[in-house]
Amino acid sequence: MSDKKFSVVIAGGGSTFTPGFVISLCANQDKLPLRKLKLYDIDAERQKKIGDACAIIVKEKAPGVEFEYTTDPEEAFTDVDFVLGSIRVGKYEMRSQDEKIPLKYGVNGQETTGPGGMAYGLRSIPAIIEIIDFMEKYSPNAWMVNYSNTIAIVSEACRRFRPHAKIVNICDMPIDDMGRMAAIAGLKSFKDLDFTYYGLNHFGWWKSVTNKKTGEDLMPMLKEYTKKNGYYVGGDFDKDTEASWVATFKKVADCYALDPTTLPNNYMQYYYFPQYEVENANPHYTRTDEILEYRQKIVFGECARIVKEGTAKGNLWESAVHSNYIIDICHAIAFNTHEKYLANIPNNGAISNFPDDAIVEVPCLFGADGVQPLCVGEAGRFQLGLMMEQVTCEKLVVDAYEQKSYIKMLQAFALNKTVPDATVAKKILDDMMVVNKPYWPDLK
Ligand SMILES: NC(=O)c1ccc[n+]([C@@H]2O[C@H](COP(=O)([O-])OP(=O)(O)OC[C@H]3O[C@@H](n4cnc5c(N)ncnc54)[C@H](O)[C@@H]3O)[C@@H](O)[C@H]2O)c1
Ligand SMILES: O=P(O)(O)OC[C@H]1O[C@H](O[C@H]2[C@H](O)[C@@H](O)[C@@H](O)O[C@@H]2CO)[C@H](O)[C@@H](O)[C@@H]1O
Ligand SMILES: [Mn+2]
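- The name an unreviewed UniProt entry gives the protein is Maltose-6-phosphate glucosidase, with Lactobacillus equicursoris 66c as the organism.
- Its UniProt record gives the protein a comment under Sequence similarities (unreviewed entry), which states: "Belongs to the glycosyl hydrolase 4 family."

### So, the UniProt feature "binding site: Mn(2+)" (unreviewed entry) in the protein
Moving on, step 1. Mapped onto this structure's residue numbering, the UniProt feature "binding site: Mn(2+)" (unreviewed entry) falls at Cys171 and His202. Across 32 residues in sequence, these annotated residues keep their C-alpha atoms within 8.2 Å of one another, forming a single compact spot.
Moving on, step 2. Looking at the element boundaries, Cys171 is found in the loop between strand 6 (167-169) and helix 7 (173-184).
Moving on, step 3. Taking relative accessible area as the criterion, Cys171 reaches 7% and is therefore assigned buried.
Moving on, step 4. Every residue in contact with Cys171, bar those within four places of it in the chain, is listed here: Asn201, His202, Tyr325, Asn344 and Glu361.
Moving on, step 5. Mapping His202 onto the fold places it in the loop between strand 7 (193-200) and strand 8 (203-211).
Moving on, step 6. Residues contacting His202, with those up to four places away along its chain left out, are Thr112, Asn149, Cys171, Met173, Asn265, Tyr267, Met268, Tyr271 and Glu361.
Moving on, step 7. At 2.8 Å, the side chain of His202 forms a polar contact with the side chain of Thr112.

### Let's talk about the UniProt feature "binding site: substrate" (unreviewed entry) in the protein
Moving on, step 1. The positions UniProt marks with the feature "binding site: substrate" (unreviewed entry) are Arg95, Asn149 and Arg287.
Moving on, step 2. For Arg95, a relative accessible area of 6% gives the class buried.
Moving on, step 3. When sequence neighbours within four positions are dropped, the list of residues in contact with Arg95 reads Arg88, Glu111, Arg123, Arg287, Thr288, Ile291 and Arg295.
Moving on, step 4. As for its placement among the helices and strands, Asn149 is situated in the loop between strand 5 (143-146) and helix 6 (151-161).
Moving on, step 5. On the accessibility criterion, Asn149 (13% relative accessible area) is buried.
Moving on, step 6. Beyond its immediate stretch of four places on either side in the chain, Asn149 contacts Glu111, Thr112, Tyr120, Ser124, Val154, Asn201 and His202.

### A word on the site of ligand 2
Moving on, step 1. What surrounds ligand 2 is a group of 15 residues, the closest being Arg95, Asn149, Asp176, Arg287 and Arg295.
Moving on, step 2. The separation between an oxygen atom of ligand 2 and a polar side-chain atom of Tyr267 is 3.3 Å.
Moving on, step 3. Arg287 is positioned with one of its side-chain polar atoms (N or O) 2.6 Å from an oxygen atom of ligand 2.
Moving on, step 4. Of all the secondary structure elements, the ones that give two or more residues to the shell around ligand 2 are helix 7 and helix 12 (287-293).

### Some words on a nonpolar patch on the surface
Moving on, step 1. A surface patch of nonpolar side chains, about 380 Å² in accessible area, is lined by Tyr285, Tyr294, Ile298 and Leu316.
Moving on, step 2. Among the secondary structure elements, Leu316 is positioned in the loop between helix 13 (295-309) and helix 14 (321-334).

### A word on helix 13
Moving on, step 1. With 15 residues, helix 13 extends 21 Å between its outermost C-alpha atoms, agreeing within 8% with the 21 Å of an ideal straight helix rising 1.5 Å per residue.
Moving on, step 2. Here helix 13 has its buried residues at Arg295, Gln296, Val299, Phe300, Glu302, Cys303 and Ile306. Summarising the axial view, the buried residues of helix 13 lie within an arc of 160°, below the 170-degree limit, and thus occupy one face. For helix 13, exposure combined with an orientation more than 90 degrees from the buried face picks out Lys297 and Lys308.
Moving on, step 3. Residues of helix 13 that are buried in the fold lie against helix 1 (18-27), helix 2 (44-61), helix 4 (91-104) and helix 12.

### Section: the packing of aromatic side chains
Moving on, step 1. Inspection of every chain in the model, using the stated rule, returns 19 aromatic pairs.
Moving on, step 2. Note that Arg180 overlies the ring of Phe249, its terminal NZ or CZ placed 3.6 Å from the centroid.
Moving on, step 3. Note that Lys251 overlies the ring of Tyr276, its terminal NZ or CZ placed 3.5 Å from the centroid.

### A word on the sheet that holds strand 8
Moving on, step 1. Strand order in the open sheet formed by 3 strands is 7-8-9, and the pairing between neighbours is antiparallel. The open sheet terminates on both sides in strands that have one partner only, identified here as strand 7 and strand 9 (263-264).
Moving on, step 2. Relative to strand 9, strand 8 runs antiparallel, the two sharing 2 bridges. Bridging across to strand 9, Trp206 finds its partner in Leu263.
Moving on, step 3. Sheet strands in contact with helix 15 (residues 381-403) are strand 7 and strand 8, and its direction is about 60° off that of strand 7.

### Things to note about the packing of helix 1 against helix 2
Moving on, step 1. Close contact between helix 1 and helix 2 brings their axes to 10 Å; oriented N to C, the two are set at 15°. When the interaxial angle is binned, helix 1 and helix 2 end up roughly parallel. When you trace helix 1 past helix 2, the crossing you get is right-handed. Where helix 1 abuts helix 2, its residues Thr18, Pro19, Val22, Ile23 and Cys26 lie against Ile50, Cys54, Ile57, Val58 and Lys61.
Moving on, step 2. In terms of residue class, the contact of helix 1 with helix 2 is built from 8 nonpolar, 1 polar and 1 charged.

### A look at the side chain of Thr150
Moving on, step 1. Mapped onto the elements of the fold, Thr150 is located in the loop between strand 5 and helix 6.
Moving on, step 2. Among the residues examined, Thr150 registers a relative accessible area of 5% and is labelled buried.
Moving on, step 3. Apart from residues lying up to four places away in sequence, Thr150 is in contact with Glu111, Thr112, Gly117, Tyr120, Gly121 and Ser124.

### Some remarks on the coordination of the manganese ion (ligand 3)
Moving on, step 1. Looking at the metal site, the manganese ion (ligand 3) is ligated by Cys171 (SG) and His202 (NE2), spaced 2.2 to 2.3 Å from it. Of this pair, Cys171 sits in the loop between strand 6 and helix 7 while His202 sits in the loop between strand 7 and strand 8; the two residues are 31 residues apart in sequence, bridging distant segments of the chain. One exposure class covers both Cys171 and His202, and it is buried.

How each quantity is defined
- Residues numbered from 1 in each chain as written.
- Chains lettered and ligands numbered in written order.
- Predicted model: local features only at pLDDT ≥ 70, side-chain atom pairs only at ≥ 80, totals over all residues.
- Heavy atoms only, no water.
- UniProt positions renumbered as here; feature names shortened; annotations may be inferred.
- Helix = DSSP H or I, 4+ residues; strand = E, 2+ residues; numbered from the N terminus.
- Buried < 20%, exposed > 50% of the residue type's maximum accessible area, 1.4 Å probe, protein only.
- Contact = heavy atoms within 4.5 Å.
- Polar contact = N/O pair within 3.5 Å; in protein donor to acceptor, adjacent residues only side chain to side chain.
- Near = heavy atom within 4 Å.
- Patch = residues over 30% accessible without salt bridge, like charges linked within 9 Å, V, L, I, M, F, W, Y side chains within 5 Å.
- Areas by Shrake-Rupley, 256 points an atom, 1.4 Å probe, with all protein chains shown as cover.
- Salt bridge = Lys/Arg side-chain N within 4 Å of Asp/Glu carboxyl O.
- Expected span 1.5 Å × (residues − 1).
- Arc of directions from axis to C-beta.
- Phe/Tyr/Trp six-rings, centres within 6.5 Å; stacked < 30°, edge-to-face > 60°.
- Lys NZ or Arg CZ within 6 Å of the ring centre and 35° of its normal.
- Pairing = 2+ DSSP bridges.
- Axes fitted to C-alpha atoms, helices over the stretch in contact; angles between N-to-C directions.
- Parallel < 35°, antiparallel > 145°, perpendicular 65-115°, else oblique.
- Left-handed = near helix turned anticlockwise from the far one by under 90°.
- Nonpolar A, V, L, I, M, F, W, Y, C, P; charged D, E, K, R; others polar.
- Donors = N, O, S within 2.8 Å, 3.2 Å for Na, K, Ca; no water.

In structure tokens form, the structure reads like this:
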């Protein structure tokens, strides 16, 4: 390995994930040696609370690393090797609308699936394009590793509007599910598993899972476990898992029953059981409210404590799975390792019976030139039907953005598996048009 050190900017510096991420970056300098770490956000006040605490964290845990936070794009994107995309356009206020408006009409209200996910995707497109353009202007050799949602829609927008951009769009949900599979199999980490996975973002299936070292086929044992418990592990493993996530992992048991030849991504429940999701939701207290009550309060409270005490000693964040994964991906790009991870990319034959221009989530080899997809063979008939419908919705959202078209957005909502009929689709869309006015193009 060379002795090169890297400069990283986190776009969306005010994210609730930033402090945990900064700790992981400081702790993983063997994987990604740093010379500079910057935060960038458009909300100066929110970022300051996180940034002041991160300055102390970096000073204590990685004293040689230069740290700053800014709202100035030139300062943020000049002299960087990696841009990490962690933005939420419209923040939790708009996530709450994404969740609550559909529920008002008896439709699944979720961050990245159904009408909420499509509304969020439409908000994200111009912001991600702007960040790509800043990166290309100020640091043309940098790579952007983006995990800002709605990833499927953002990836389709990148394919159409910035096809040559050095961006990889990723998601850590399959890694989280595989961490659970590893624990169920008595292994340490998802890295102890080999796998074949295919689908769309938050919409996929494992065809195989094996023990990487021994080659043992783990699918029979994992299926037996999943049939009863979903991906819920319990005990120490799940001691910090919030209630809604516990329910999510348990519900995988029912998803598995729909196709016992594969193991599903936990997000399939929103498409297989939309009615169940609505019946079990509280339209006045959604996941956003849970985050405001727990994660956001804890993160900002802990940051305030660090700033007040002037030290991060005894802080509550450890190096976390999701941030370690992003660091692994930067490492693979920086050192051209060709390690296998998942990315959202144009299909181009990776799933042999699916359109070339569809964005799919498949295993890829990550290296200095970005990602090389691996062929995963055919999608099953059941999967193919579901994927075709969902990918069409995602493309229609990008059509709506490109053509400023109301009818395309309406079609996207009406086609979606989570929406029962076109009248309901229209009611949801019309309410969403009002609250999204500052963020969406003017749909005609
Ligand atoms: N892909 C994955 O697997 C994965 C996992 C976890 C979170 N996420 C995504 O990470 C993002 C951050 O999540 P969070 O819950 O921490 O959000 P958050 O609301 O806590 O933080 C997001 C930050 O982005 C900032 N922001 C909004 N628009 C911006 C813009 N145009 N430029 C710069 N900054 C901007 C906001 O001001 C805010 O500080 C979301 O998109 C979320 O969906 C993805
Ligand atoms: O409701 P949230 O904000 O807690 O989570 C929404 C995100 O959920 C997934 O990310 C998980 C991740 O899989 C898990 O490992 C851990 O790090 O928490 C993350 C966030 O809670 C999903 O992949 C993301 O796309 C969602 O934004
Ligand atoms: Mn995700």
